[in-house]
Amino acid sequence: MDARPFLLLSALIAASILPSCAKEDDGPASDEPATIAFRSDSGYVHTSGTYDAGDTLHVEVTVTKGSEDLRTFFVERRYDNNDAVRFDSVPIDGSPFHYDTVMVLRAQAGTEKWTFIGEEEGGDRSLRSLTITTQ
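In this text, all values refer to a predicted model and were calculated from it rather than measured experimentally.

Draft legend 1. Representation of the overall build of the chain in the model. Check the secondary structure of the chain and you find one helix and eight strands. Each helix and strand of the chain, placed in order from N terminus to C terminus, yields the pattern α-β-β-β-β-β-β-β-β. By residue count, 28% of the 135 residues in the chain fall in the buried class. Summarising the internal contacts of the chain: among those between residues at least 6 apart in sequence, 64% fall at separations of at least 24.

Draft legend 2. Examining the packing of aromatic side chains more closely. Tallied over the full model, the rule gives five aromatic pairs. Here Phe38 and Phe116 contribute two aromatic rings whose centre-to-centre distance is 5.5 Å and whose plane-to-plane angle is 80°, an arrangement assigned as edge-to-face. You can see Phe38 sitting in strand β1 (residues 35-38) and its partner Phe116 sitting in strand β7 (residues 110-120), a full 78 residues away along the chain. Between Phe73 and Phe97, the ring centres sit 5.4 Å apart and the planes meet at 45°, which makes this aromatic pair tilted. Of the two residues, Phe73 sits in strand β4 (residues 70-79) while Phe97 sits in strand β6 (residues 97-104), which places them 24 residues apart along the sequence. Accessibility assignment for this pair places Phe73 and Phe97 in one class, buried.

Draft legend 3. View of the confidence of the model for the chain. In the predicted model, the chain carries a mean pLDDT of 87, and the fraction of residues at 70 or more is 78%. Confidence over residues 20-28 falls short of pLDDT 50; this stretch has zero contacts with residues more than four positions distant or in other chains.

Draft legend 4. The sheet that holds β4, seen in detail. An order of β2-β8-β7-β4-β5 is seen for the five strands of this open sheet, with the pairing classed as mixed. Each end of this open sheet is capped by a strand with a single partner; those strands are β2 (49-51) and β5 (85-91). Within the sheet, the average angular offset between the axes of one strand and its neighbour, ignoring direction, is 20°. As paired strands, β7 and strand β8 (residues 125-134) are joined by 10 bridges and run antiparallel to one another. If you follow Gly110 over to β8, its bridge partner there is Thr134.

Draft legend 5. Molecular detail of the pairing of β8. In terms of strand pairing, β2 meets β8 through three bridges, oriented parallel. Residue Tyr51 lies in a different strand from β8, and its bridge partner there is Thr134. Between the antiparallel neighbours β7 and β8 lie four residues, among them Gly123 with a positive phi of about 100°.

Draft legend 6. Highlighting the pattern of salt bridges. Within this structure, the stated rule accounts for seven salt bridges. Residue Asp41 pairs with Arg39 through a salt bridge whose shortest N-O separation is 2.8 Å. A salt bridge links Arg106 to Asp80; the shortest N-O distance between them is 2.9 Å. Linking Arg106 in the loop between β6 and β7 with Asp80 in the loop between β4 and β5, this pair joins segments that are 26 residues apart in sequence. Here the salt bridges do not stand alone but share partners, grouping Arg39, Asp41 and Glu60 into one network.

Calculation criteria
- Residues numbered from 1 in each chain as written.
- Predicted model: local features only at pLDDT ≥ 70, side-chain atom pairs only at ≥ 80, totals over all residues.
- Heavy atoms only, no water.
- Helix = DSSP H or I, 4+ residues; strand = E, 2+ residues; numbered from the N terminus.
- Buried < 20%, exposed > 50% of the residue type's maximum accessible area, 1.4 Å probe, protein only.
- Contact = heavy atoms within 4.5 Å.
- Phe/Tyr/Trp six-rings, centres within 6.5 Å; stacked < 30°, edge-to-face > 60°.
- pLDDT = per-residue confidence, 0-100.
- Pairing = 2+ DSSP bridges.
- Axes fitted to C-alpha atoms, helices over the stretch in contact; angles between N-to-C directions.
- Salt bridge = Lys/Arg side-chain N within 4 Å of Asp/Glu carboxyl O.

And the structure:
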């Protein structure tokens, strides 16, 4: 006697009775990063560019939360290809968060990279940079 039909019927019955082990679909992942935008009105710097050494540049940054709440805002500056130096750290108490500053450029030719960083409660960071060439 061939046992294959019996085994097949037993497997079908077991599959219909046993609970499924497949994970329930929770929908699309909702891990959206924070966004950082520069104010682009007249008088504000919002793109990288070349400026005179010693100039002062007005910058306003807006950080908007993604999936997680925002925790801290950082500003770092790097001269030429040297290490970045953090010179400002501000706790974020809501979204959107606005940071307004005047960047004073150094009095010599070179490159300055200003990086604006929004850190979320989970530790993820979003950033935007301006690279300023001084002459």
